[in-house]
Amino acid sequence: MTPFEIPATEYTPHVYFDESSHTLWLRGEAYPENASAYFAPIAEWIESATAEGGPLTLAFALDYLNTSSTKAILDLIQILEDCHQSGGKVDVVWLYQSSLEVMKESGEELLEDFSLPCLLKPFD
Amino acid sequence: MTLRSSGYVQIHYFLMSTMLEALSHGRCILHLSGPISQQLIAAHGSQLKSLPHLDANTGAILFRIFIEIAQNVLRHSAVKFPGEELISCGKIAVMESHDAFYIITENPASDSTSRHIQTKIDQLNQLPKEALRQAAREQLKKPAVSKTAGAGIGLIEIARRTTSPLLCKVVTLPNGETILCITATLHKSKS
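1. Let's talk about the overall build of chain B
Along its length, chain B carries 6 helices and 5 strands. Seen in sequence order, chain B has helices and strands lined up from the N terminus as α-β-α-α-β-β-α-α-α-β-β. Considering chain B as a whole, with its 191 residues, one finds that 53% of them fall into the buried category. By sequence separation, contacts in chain B at least 24 residues apart represent 70% of the contacts at least 6 residues apart. In the structure as shown, chain B presents an accessible area of about 8,600 Å², 58% of it carried by carbon and sulfur atoms.

The following block contains the structure:
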């Protein structure tokens, strides 16, 4: 898989691929004004990375995501879901600060309609 | 509507009715007026997450409401500043009383957008929280709508997280310009 990294801004996450764990991380804030434009290259990279069937983990450790980012992230997870349905080895990890019940709820709602392996996990 | 033709940008304070309402809510902890940009929203909004007397989850919900309502102003204000970056004319304030936060916005908007948002808010105010959750879920599954259609999932999210019905006023200024005013309430004990 090709290296991939987008530095964080005040309102967009640090996105990077950790080759050793086959994990694409999104860490930080996610509320760009134009979410579809922001997430387009990430979706493109995931499409390419899953074309060979994985393995790939999509991992989130977000402090906040706005509604348009929620919609864009659902589309990212759908790419993995399609890969999973075709027998690919992919999964999703949603980490949330243990003090933020609202982010746990966001993760639960994002993942509730997918059948691929998902893990929701708090951190301090 | 152009920046030059807008009488609204000449007004440095909220409409008198909104101002009186805002002052009745307590102290002002955040106030943005004039050009509103994504950078400005981020720079000022982040302080809401870490107010010293607020638990982390309530701070996160206050921040969530603020971002959604501020980005609504950014997208739907009828007055945009020239340039590549999206910068819109509007006013946003966060007031705090002993038991609640009030997030108050005003922005110029077309008459049709204002009426559309007012109708949408009236509908959302009738729904219980579980119905709002279902509405958000259904909206997320729909194909993306154009920005001008607006008033979709962002308003639903605001209605889900607030603890009182959203207040919406549409005011016509003497010059014919329409101002959309929204107040969202978050009680500290219910969030």
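Back to the write-up after that little detour.
2. So, unusual backbone geometry
Of note, the phi angle at His22 of chain A is positive, near 55°, even though the residue is not glycine. On the secondary structure map, His22 of chain A appears in the loop between strand S2 (14-18) and strand S3 (23-30).

3. Brief notes about empty space enclosed by the protein
Residue and element names in this part refer to chain B. Under the definition given, this model contains 1 cavity of 30 Å³ or more. Taken as a whole, the largest cavity holds about 50 Å³ of empty space. Every residue lining the largest cavity is listed: Ile69, Asn72, Val73, His76, Thr105, Asn107, Ile117, Leu180 and Ile182. Elements with a contribution of two residues or more to the lining of the largest cavity: helix H3 (56-76), strand S3 (100-108) and strand S5 (178-187).

4. Notes on the interface of chain B and chain A
Chain B puts 31 residues into the contact, and the matching count from chain A is 25 residues. Summed over both partners, the interface of chain B with chain A comes to about 2,300 Å²; 47% of that surface belongs to carbon and sulfur atoms. Of all residues in chain B, the largest losses of buried area upon contact with chain A belong to Gln38, Arg64 and Leu140 of chain B, amounting jointly to 24% of the total for that side. Counting across the interface, chain B meets chain A through 10 salt bridges. Ionic pairing is found between Glu29 of chain A and Lys49 of chain B, a salt bridge with its closest N-O pair at 2.1 Å. On inspection of chain B and its partner chain A, the count reaches 21 residue pairs in polar contact (both at pLDDT 80 or more). Of all the secondary structure elements, the ones that give two or more residues to the side of chain B that touches chain A are helix H2 (38-45), H3, helix H5 (129-141) and helix H6 (153-161) of chain B. The element best represented in the side of chain B that touches chain A is H3 of chain B, accounting for 11 residues. Of the residues in the side of chain B that touches chain A, the class split is 13 nonpolar, 6 polar and 12 charged.

5. Here we look at helix H4 (residues 111-125) of chain B
All names here are of chain B. Compared with an ideal rise of 1.5 Å per residue, which puts 15 residues at 21 Å, H4 spans 21 Å between its outermost C-alpha atoms and is within 8% of the ideal. Of the residues making up H4, those classed as buried are Thr113, Ser114, Ile117, Gln118, Lys120, Ile121 and Leu124. Down the axis of H4, the buried set is contained in an arc of 165°. They therefore lie on one face. Tucked into the core, H4 has its buried residues touching H3, H5, H6, strand S4 (167-172) and S5.

The rules behind each value
- Residues numbered from 1 in each chain as written.
- Chains lettered and ligands numbered in written order.
- Predicted model: local features only at pLDDT ≥ 70, side-chain atom pairs only at ≥ 80, totals over all residues.
- Heavy atoms only, no water.
- Helix = DSSP H or I, 4+ residues; strand = E, 2+ residues; numbered from the N terminus.
- Buried < 20%, exposed > 50% of the residue type's maximum accessible area, 1.4 Å probe, protein only.
- Contact = heavy atoms within 4.5 Å.
- Areas by Shrake-Rupley, 256 points an atom, 1.4 Å probe, with all protein chains shown as cover.
- 1 Å grid on protein atoms, 1.4 Å probe; cavity = no way out; pocket = protein on both sides within 12 Å on 5 of 7 lines; lining within 4 Å.
- Points joined across faces, edges and corners; volume = space filled by probe spheres on them.
- Buried area = accessible area lost by both parts, 1.4 Å probe.
- Salt bridge = Lys/Arg side-chain N within 4 Å of Asp/Glu carboxyl O.
- Polar contact = N/O pair within 3.5 Å; in protein donor to acceptor, adjacent residues only side chain to side chain.
- Nonpolar A, V, L, I, M, F, W, Y, C, P; charged D, E, K, R; others polar.
- Expected span 1.5 Å × (residues − 1).
- Arc of directions from axis to C-beta.

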